[in-house]
Amino acid sequence: MSLLTLDNVTLKFGGLTAVNKLSMTVNEGEVFALVGPNGAGKSTVFNLISRFYTPVEGKITFDGKDLLKLAPDEVPSLGIARTFQNIELFDQATVLDNLLVGRHRHRKTTLVEQMLHLPSVRREEREHREAVEEVIDFLDLQPYRNKRIAGLPYGVRKVVEMGRALASKPRLLLLDEPASGLSVEETQNMRWWIDDIRRQMGITVLMVEHDMGLVSKVCDRVLALADGAKLAEGTPQEVQNHPAVIEAYLGT
Ligand code: ADP
Ligand code: MG
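Residues numbered from 1 in each chain as written. Chains lettered and ligands numbered in written order. Predicted model: local features only at pLDDT ≥ 70, side-chain atom pairs only at ≥ 80, totals over all residues.

To continue, consider the site of ligand 1. Taken together, Phe13, Leu16, Ala18, Gly36, Asn38, Gly39, Ala40, Gly41, Lys42, Ser43 and Thr44 make up all the residues around ligand 1. Within the residue set of the shell around ligand 1, elements represented by two or more residues are strand S2 (16-27) and helix H1 (42-49). (Near = placed C-beta within 6 Å. Helix = DSSP H or I, 4+ residues; strand = E, 2+ residues; numbered from the N terminus.)

A word on unusual backbone geometry. Here Asp63, not a glycine, exhibits a phi torsion of approximately 50°, which is positive. Along the chain, Asp63 falls in the loop between strand S4 (57-62) and strand S5 (65-66). Even without being glycine, Asp140 reaches a positive phi, approximately 55°. Within the element layout of this structure, Asp140 appears in the loop between helix H5 (119-138) and helix H6 (154-167). With 12 C-beta atoms counted inside 10 Å, the residue Asp140 sits in the exposed group. (Buried ≥ 20, exposed ≤ 12 C-beta atoms within 10 Å, placed from the backbone.)

Glancing now at the sheet that holds strand S6 (residues 80-82). If you trace the 6 strands from one edge of the open sheet to the other, you get S6-S7-S8-S3-S9-S10, paired in mixed fashion. At either end of the open sheet lies a strand with only one pairing partner, and these are S6 and strand S10 (229-234). Each neighbouring strand pair of the sheet contributes to a mean axis angle of 20°, computed without reference to strand direction. Here 5 bridges tie strand S9 (residues 221-226) to S10, and the two strands are oriented antiparallel to one another. Across the sheet, residue Ala224 finds its bridge partner in S10, namely Ala232. Across the face of the sheet, helix H7 (residues 184-199) comes into contact with strand S3 (31-35), strand S7 (172-176) and strand S8 (204-208) while running at roughly 150° to S8. (Pairing = 2+ DSSP bridges. Axes fitted to C-alpha atoms, helices over the stretch in contact; angles between N-to-C directions. Contact = placed C-beta atoms within 7 Å.)

The strands making up a sheet associate through backbone hydrogen bonding, with each pair oriented either parallel or antiparallel. With antiparallel pairing, 4 strands are arranged side by side in an open sheet as S2-S1-S4-S5. Edge positions in the sheet fall to S2 and S5, since each of these pairs with one other strand and no more. Direction of pairing for strand S1 (residues 2-13) relative to S2: antiparallel, over a ladder of 8 bridges. When the bridges of S2 are listed, Leu11 appears paired with Val19. Together, S1, S2 and S4 form the strand contacts of H1, whose direction differs from that of S2 by roughly 65°.

This paragraph deals with the confidence of the model for the protein chain. With 99% of its residues at a pLDDT of at least 70, the protein chain reaches an overall mean of 94. Scored as a whole, the predicted complex attains pTM 0.93, and scored at its interfaces, ipTM 0.98. (pLDDT = per-residue confidence, 0-100.)

And the structure:
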């Protein structure tokens, strides 16, 4: 069953067509990758799904709902969470506090109730803590729980950002270049985590990734973009061996 659908979506930045009549479908439960050379439009597709940009034409639906009717701050409440190509965390806050930010969409109590420390507030707070502790255990972040982001190695910050997205318990997780800048060992861990995110947590994953080794290990289907348009779509192997894809990579 399809979870996310883009139908003939076009986005322009002035004279530049960043996404060109793109149609794609991500099915519930799969790991789907967007690949393509730098500047192909991959991150822009994520920004369209996050509603940071509005396409000049086309439709985007999530779980049957028209995403284009929503404001950017309403997207997480549908169950869509993301990471950014350039990590976006609160640098002066701890790992724990950054992960708690991921719980935002599940907060029901009002600020006044929180200031009064009502029992309902304490109960909700406990739920958030438990959800975050699960993520900390899952991603082996225990040693960093109370450390500030600013002092952490790049690879750990990258994992924390994914953790924040996971803490929201999304239905669709968007990962923008999860393995970029990671060591071989960290990339290996990322592979197992993405596998488990799908298998154990039942979360659908849409990722942008350059590491075709990782893509072919974790993804069911791949779509290759160049100049904002679809070049090829299929299994990782089909896409990697597609003549148009080979040409696009050699041409850059
Ligand atoms: P990718 O993630 O595939 O490397 P992007 O989606 O970031 O590519 O960018 C696609 C194209 O759109 C590039 O040519 C890029 O320079 C351009 N672009 C991206 N964001 C903006 C923006 N906010 N304003 C103008 N041009 C942009
Ligand atoms: Mg990008």
